[in-house]
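# Descriptive structure summary
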Amino acid sequence: MKIVLVGAGPRNLTLLERLMAYAKETTKPVDITLYDSFPIGGRVWNPDQNPLFLMNTVTRQLTLFPDPSVPNHTATATYGPNFYEWAITYGKEYVQRRHFVNGEHFLDEIARINPNRFTSRALFGVYSQWFYERLGTQVPSNVMLSYERKMILDVTPQDDQYEITLDDGTRFMADKVVMSTGMVDNDLSEEQQTFADAANEHANMLYIGPTHPAEANLDDIPARQKVVLRGLGLSFFDYLAKLTIDRGGRFARDNNGVLYYLPSGKEPHIIAGSRHGLPLHARGINQKVNEGYQPLFFTNKNLDELAAANDGKLSYADFFKLLKKELEYKHYRNTINDFGITWPFNADHFMTALAESDDLNKTARQYGVAEEYIMDWQRILNPVADVPEEVEYSDFMMNYLTWDINDAYKGNNDAPYAGAFDMLRDIRSVIRHYLDAGYLNADEYEKFLKNFNPLNTLISVGPPILRIEQMRALIETGLLTVAGPGLSATIQDNHFVVSDNRNNKWTVDNLVEAHLSAPSLAHTINPLMSNLREKGILSEATYTKSDGTTYSVGGTRMNKQTMTVIDTNDQEVPGLFIWGVPTEGWSWFTTFSPRPGISDKNLNDAENIAQTIFR
């Protein structure tokens, strides 16, 4: 049996271990080949990329190996070190032996590595390569394992097999194909194409469309000139690092521990903004090993009971009411743990009252909690709304970032806000249960996508605190200006004119889309996915609302248990699998790497794919 894995990132690497485990149970020959145009680790975790780009998950919460928390291991698992454990045991020797482009940087990182802090994405790519080589030392006699740095352009069904076409023109047959392509690029929107055309026509204009920051060439942005970064998400912080640290600037701390910036003089003046005008919240200092928050209210059992009482349906409003209670309960539990404050109540009485309340903020006020400690949803969702017109947005942003930094330093378990926000990472399985149990109709799912997804992104998937501190330092230095909400751009007289909702306007020659393309089967320019889409083999997830209108979510459909592709005729395509980011929208929250000790979804999905292939 010949198995082709498209993509050599974390998902297919975890699958590789499972495939080899099942292959050991048979005497039949099994040929497994990974294909990727990037090194082992894939596009996001490429070891050769700029090592300034940080992960947003701490080292101890990353792994590629299965572990005992993952059920249904009917084939013996190969256990091994998580990312942090690897770094302190094998990392230095492996980096020295392999002579990576970023080798000196990796040795520096490993010497200072901390289980509760963040490293470069490139170093996780090194771990990925070590993992692949480790599996290579354990290949059964009936298995052939290989990796080819090539791109697969097309997969064509032929009887019970698939013809594979590579970018060098080679063609061959395979029995099973598993696609984990990760984040791929889309065609440009009409506005983006207009900007690109203008930049191509006028020598003074520079436009960089959505792409991975590691692949964006910023060298042509002159020092001291203005550049606009559209987007304040995770990619924004990568661009910020490239335009400052990578140009010779340095960050340092004063005697109070506050970060400040020492310019090199080569930096541009950065103007950054987005529709909402806010960066993502900082991740709290890690206080967790592998254990996650155990919810009291937002549980599978409570969701099931609510649905059962409502004819098997559960609205988004009822879902969020239960989740909101959990977040508020965690917030107040963390808030009253501040022993420096003399609280006007018995803590046990207070927490009991909260647990029995349908309005926790109202109960907190009744117990005498000061307004500054109330969980203010307006401040969380739209803190800009109450900023007076006469207040400089940069002044508001400095105060907002300082509040966020101070809270996050209290930890992802103990902080009043960051501790509550981080809880969302621990209860993703409950959210997936709600989505996959059939409780939502198309109308309610649309509400979930429009309301919950932006909230989840804002509060639970943000950067390390360090990135927010750097952002504050750059504002203070005057190198970074954060635009207000509603950032938009037009072209006038061969320049970009950028404005926000607070009547600010900038005329610039350099514009960078500091964000990735949203997963979209309809708009992808990935050759393989485009070809399979045109053949009707891949199909986009589309929903019909009660009023007869439809909407598409961009993600590619597959069987959520086995990851088998579902085509445009609603039929499963045997032997063809897809998982991860390209299914976003049909699946929920696919942009995460395997986490040890929590029965991780990636590791469970790998087990299910392997079982489907071999059983």
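Look above for the structure.
Here goes a summary of the coordinates provided. (Residues numbered from 1 in each chain as written. Predicted model: local features only at pLDDT ≥ 70, side-chain atom pairs only at ≥ 80, totals over all residues. Heavy atoms only, no water.)

## Let's talk about the overall build of the chain
The line we're drawing: Strands are runs of DSSP state E lasting at least two residues, helices are runs of H or I lasting at least four, and both sets are numbered from the N terminus onward. The size measure is the radius of gyration over C-alpha atoms, and the globule rule it meets is 2.2 Å times the number of residues to the 0.38 power. Buried residues are those whose accessible area, probed at 1.4 Å on protein chains only, stays under 20% of the maximum for their type, while exposed residues exceed 50% and partly exposed ones sit between those limits. Working rule for contacts: check all heavy atoms of both residues, and any pair within 4.5 Å makes them a contact. All accessible-area figures derive from a Shrake-Rupley calculation using a 1.4 Å probe, and residue coverage is judged against the displayed protein chains alone. Note on charges: Lys and Arg go in the positive column, Asp and Glu in the negative column, and His and the chain ends are not counted at all. A single reference atom marks each charge: NZ on Lys, CZ on Arg, CG on Asp, CD on Glu.
Each helix and strand counted, the chain has 18 helices and 21 strands in total. Taken over the C-alpha trace, the chain has a radius of gyration of 25 Å; the compact-globule value for 615 residues is 25 Å, and the two agree within 12%. Along the longest, intermediate and shortest principal axes, the C-alpha atoms of the chain span 70 × 65 × 60 Å. Evaluated residue by residue, the chain yields a buried proportion of 57% over its 615 residues. Within the chain, contacts between residues separated by at least 24 positions form 72% of all contacts whose residues are at least 6 apart in sequence. With the model as given, the accessible surface of the chain reaches about 25,900 Å², and the carbon-plus-sulfur share is 47%. Computing the positive centroid from 57 side-chain charges and the negative centroid from 78, the chain places the two 4 Å apart.

## Considerations on the packing of aromatic side chains
Definition in use: Each Phe, Tyr or Trp ring, with Trp reduced to its six-membered ring, pairs with another whose centre is within 6.5 Å; inter-plane angles below 30 degrees give stacked pairs, above 60 give edge-to-face pairs, and intermediate values give tilted ones. A positively charged side chain is recorded as over a ring if its NZ (Lys) or CZ (Arg) lies within 6 Å of the ring centre. The angle to the ring normal must also be within 35 degrees.
Scanning the model with the defined rule gives 49 aromatic pairs in all. Between Phe83 and Tyr127, the ring centres sit 5.5 Å apart and the planes meet at 45°, which makes this aromatic pair tilted. Of this pair, Phe83 sits in helix H2 (residues 83-98) while Tyr127 sits in helix H4 (residues 121-136); the two residues are 44 residues apart in sequence, bridging distant segments of the chain. We note that Phe83, like Tyr127, is buried. Here the aromatic rings of Tyr445 and Tyr543 are separated by 5.1 Å at their centres, their planes lie at 55°, and the arrangement is tilted. Here Tyr543 lies in strand E18 (residues 540-544) and Tyr445 lies in helix H15 (residues 442-460), a separation of 98 residues in the sequence. Lying across the ring of Phe592, Arg11 places its NZ or CZ 5.5 Å from the centre. Over the face of the ring belonging to Phe297 we find Lys325, whose NZ or CZ atom lies 4.6 Å from the ring centre.

## Let's talk about helix H5 (residues 190-201)
Condition: By definition here, a helix of n residues has an expected span of 1.5 Å times n minus one.
With 12 residues, H5 should reach 16 Å at 1.5 Å per residue; the first-to-last C-alpha distance of 17 Å fits that figure. Those residues of H5 that are buried are in contact with strand E8 (206-208), strand E9 (226-230), strand E14 (488-492), strand E15 (495-499) and strand E17 (510-513).

## A few points about the sheet that holds strand E4 (residues 152-158)
Going by this rule: We treat two strands as partners when DSSP finds at least two bridges between them. Orientation is described by lines fitted to C-alpha atoms, with helices fitted over the stretch in contact, and by angles between N-to-C directions that extend from 0 to 180 degrees.
Spatially, three strands are ordered E4-E5-E6 in an open sheet, and the strand pairing comes out antiparallel. The outermost strands of the open sheet, each flanked by one partner alone, are E4 and strand E6 (171-174). The mean inter-strand angle of the sheet, taken between neighbouring strand axes irrespective of direction, is 25°. In the sheet, E4 pairs with strand E5 (residues 161-166) via six bridges, with the strands oriented antiparallel. Each bridged residue has a counterpart across the sheet, and for Gln158 the counterpart in E5 is Gln161.

## Re the packing of helix H8 (residues 316-335) against H15
Convention followed: Angle categories are assigned with fixed cut-offs, so that under 35 degrees is roughly parallel, over 145 is roughly antiparallel, 65 to 115 is roughly perpendicular, and the rest are oblique. Under the grouping applied here, Gly and all other residues not named as nonpolar or charged are polar, the nonpolar ones being Ala, Val, Leu, Ile, Met, Phe, Trp, Tyr, Cys and Pro and the charged ones Asp, Glu, Lys and Arg.
Their axes nearest at 9 Å, the elements H8 and H15 cross at an angle of 30°. Between H8 and H15, the crossing angle belongs to the class labelled roughly parallel. Taking contact as the criterion, the partners of Tyr316, Ala317, Phe319, Phe320 and Leu323 in H8 are, on H15, Glu444, Lys447, Phe448, Asn451, Phe452 and Leu455. When the residues that make up the contact of H8 with H15 are grouped by side-chain class, the tally is eight nonpolar, one polar and two charged.

## Points about the pattern of salt bridges
Using the following cut-off: One side-chain nitrogen of Lys or Arg within 4 Å of one carboxyl oxygen of Asp or Glu is enough to make a salt bridge.
Following the criterion strictly, the structure yields 32 salt bridges and no others. The partner of Arg557 in a salt bridge is Asp570, and the shortest N-O contact between them spans 2.8 Å. Of the two residues, Arg557 sits in the loop between strand E19 (550-556) and strand E20 (564-566) while Asp570 sits in the loop between E20 and strand E21 (572-578), which places them 13 residues apart along the sequence. What emerges from the salt-bridge pattern is a single network uniting Arg283, Lys288, Asp422, Arg425, Asp426 and Arg595.

## Overview of the sheet that holds strand E16 (residues 505-508)
Pairing in this open sheet of three strands is antiparallel, and the strands run E14-E15-E16 from one edge to the other. Two strands in the sheet have a free side with no partner beyond their single neighbour: E14 and E16. Shown here is a sheet whose adjacent strand axes are inclined to one another by a mean of 25°, direction ignored. As judged from the five bridges shared by E14 and E15, these two strands associate in the antiparallel manner. Within E15, the position partnered with Thr490 by the bridge is Val497. Of the strands in this sheet, E14 and E15 are in contact with H5, which crosses E14 at around 40°.

## Side note on unusual backbone geometry
The general pattern is negative phi for most residues beyond glycine and trans for most peptide bonds. One non-glycine residue, Asp159, adopts positive backbone phi at about 55°. Even without glycine at this site, Asp570 takes up a positive phi of about 65°. Residue classification places Asp570 among the exposed residues on the basis of a relative accessible area of 52%.

## Quick notes on the pairing of E5
Most of E5 sits inside the fold, with five of its six residues counted as buried. As paired strands, E5 and E6 are joined by four bridges and run antiparallel to one another. Bridge pairing links Tyr162 to Ala174 in E6. Between E5 and the antiparallel strand that follows it, E6, lie four residues; Gly169 among them carries a positive phi value of about 90°.

## Here's the deal with the packing of helix H3 (residues 103-111) against H4
Relative orientation of the contacting elements H3 and H4 amounts to 95°, with a least axis distance of 10 Å. One way to sum up the angle between H3 and H4 is to call them roughly perpendicular. Residues Phe106, Glu109 and Ile110 of H3 form the contact with H4, whose participating residues are Ala122, Leu123 and Val126. Among the residues forming the contact of H3 with H4, the class breakdown is five nonpolar, no polar and one charged.

## Here we look at the side chain of Lys242
Mapped onto the elements, Lys242 comes out in helix H6 (residues 234-243). Buried and unpaired, Lys242 has Asp246 as its nearest opposite-charge partner, separated by 6.0 Å. The contact partners of Lys242, leaving out residues within four places of it in the chain, are Asn50, Phe53, Pro213, Ala214, Ala216, Leu218 and Arg247.

## Observations concerning H15
Just so we agree on the cut-off: Fitting axes to the seven residues that end at a residue and to the seven that start at it, the angle between those axes gives the bend at that residue. Here a polar contact is recorded for every N or O atom pair within 3.5 Å, except that within protein the pair must consist of a potential hydrogen donor and a potential acceptor, and residues adjacent in sequence are included only if both atoms are side-chain atoms.
The end-to-end C-alpha distance of H15, which contains 19 residues, comes to 25 Å, matching closely the 27 Å that a straight helix rising 1.5 Å per residue would cover. Of all bends in H15, the biggest is about 30°, found at Phe452, and the proline Pro454 comes one to four residues later. The opening residue of H15 is Asn441, an N-cap whose side-chain oxygen sits 3.1 Å from the backbone nitrogen of Asp443.

## Topic: the environment of Arg365
Secondary-structure assignment places Arg365 in helix H10 (residues 360-366). Using a relative accessible area of 41% as the deciding quantity, one classes Arg365 as partly exposed. Counting along the chain gives 118 residues from Arg365 to Ala483, while the straight-line C-alpha distance between them is 35 Å. With near-sequence residues (within four places) excluded, Arg365 lies in contact with Glu371 and Ile374.

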